[in-house]
Amino acid sequence: MSARPDRTPLPRDFYDRPVLTVAPDLLGRTLVRTTPDGPIELRITEVEAYEGEADPGSHAYRGRTARNASMFGPPGHAYVYFIYGMWFSLNLVCGPEGTASGVLVRAGEITVGADLAAKRRLSARYPRELAKGPARLATALDVDRTLDGTDLCAGPGSPLSVLAGTPTRPDQVSNGPRTGVGGHGAHHPYRFWVTDDPTVSPYRAHAPRRRST
């Protein structure tokens with residue numbers, strides 16, 4: 001009989017480590033979104049690491065802006081951004097304050113509040129599709145820019161937190177290039193996922209967006 005997931009909140013020093021250490025260690029952890037309608041919980045199954053100003057694929061590569069300010073710390077906060085004029089994505093800030101590194105939460109299994117998530121993800125045909133990909137995950141968990149900068153370690157009442165859960169064993173973790181990242185950051189093997197988990201999103205190489213003439 002397997003042990004129940006650990007309900008202990010992850011402390012701030014969990015995030016205050018190098019991003020490539022934090023990212024795979026987030027797999028199997030429990031992300032909790034507290035909404036007015038009730039909690040939604042998700043077992044994290046896929047993430048991507050971004051190294052800030054040292055990483056051409058990162059939003060912080062060219063320095064601090066109003067949009068990416070939350071990435072610069074302190075660790076243990078959320079960085080939420082809007083992409084393609086349609087979708088939100090949730091990142092967990094890590095590393096020492098000022099380093100601008102973070103982990104994109106790409107996919108997971110909804111374990112609590114699937115009915116609430118399904119109301120926001122009407123196009124999902126199966127439970128495994130509710131949070132399969134970063135935009136779907138943010139939609140299912142009702143994540144938007146109002147949560148940017150949220151303290152994940154604030155304790156009870158915080159709209160976002162992460163519990164210890166059941167960490168994924170290293171032999172069950174796969175890694176490879178990040179999805180949709182182009183340029184010099186395209187081949188960094190900074191995407192980590194639970195091997196063979198059905199909630200993990202498919203890999204897609206970067207495809208340059210066409211400009212209208």
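Residues numbered from 1 in each chain as written. Predicted model: local features only at pLDDT ≥ 70, side-chain atom pairs only at ≥ 80, totals over all residues. Heavy atoms only, no water.

Q: Report on unusual backbone geometry, specifying residues and quantitative values.
A: Positive phi outside glycine occurs at Asp142, with the angle close to 55°. Judged by its relative accessible area of 24%, Asp142 is partly exposed. (Buried < 20%, exposed > 50% of the residue type's maximum accessible area, 1.4 Å probe, protein only.)

Q: An account of the pattern of salt bridges is needed here, citing residue identities and associated values.
A: As enumerated under the stated definition, the model contains 14 salt bridges in all. Across the pair Arg29 and Asp25 runs a salt bridge, and its minimum N-O distance is 2.8 Å. Here Asp142 ties to Arg33 by a salt bridge, and the two come within 3.8 Å at their closest N and O atoms. Of the two residues, Asp142 is situated in the loop between helix 4 (134-140) and strand 7 (160-165) and Arg33 in strand 2 (residues 30-35); the sequence distance between them amounts to 109 residues. Judged by its relative accessible area of 8%, Arg33 is buried. In this structure, a network of salt bridges that share partners links the residues Glu46, Glu48, Arg106 and Arg191. (Salt bridge = Lys/Arg side-chain N within 4 Å of Asp/Glu carboxyl O. Helix = DSSP H or I, 4+ residues; strand = E, 2+ residues; numbered from the N terminus.)

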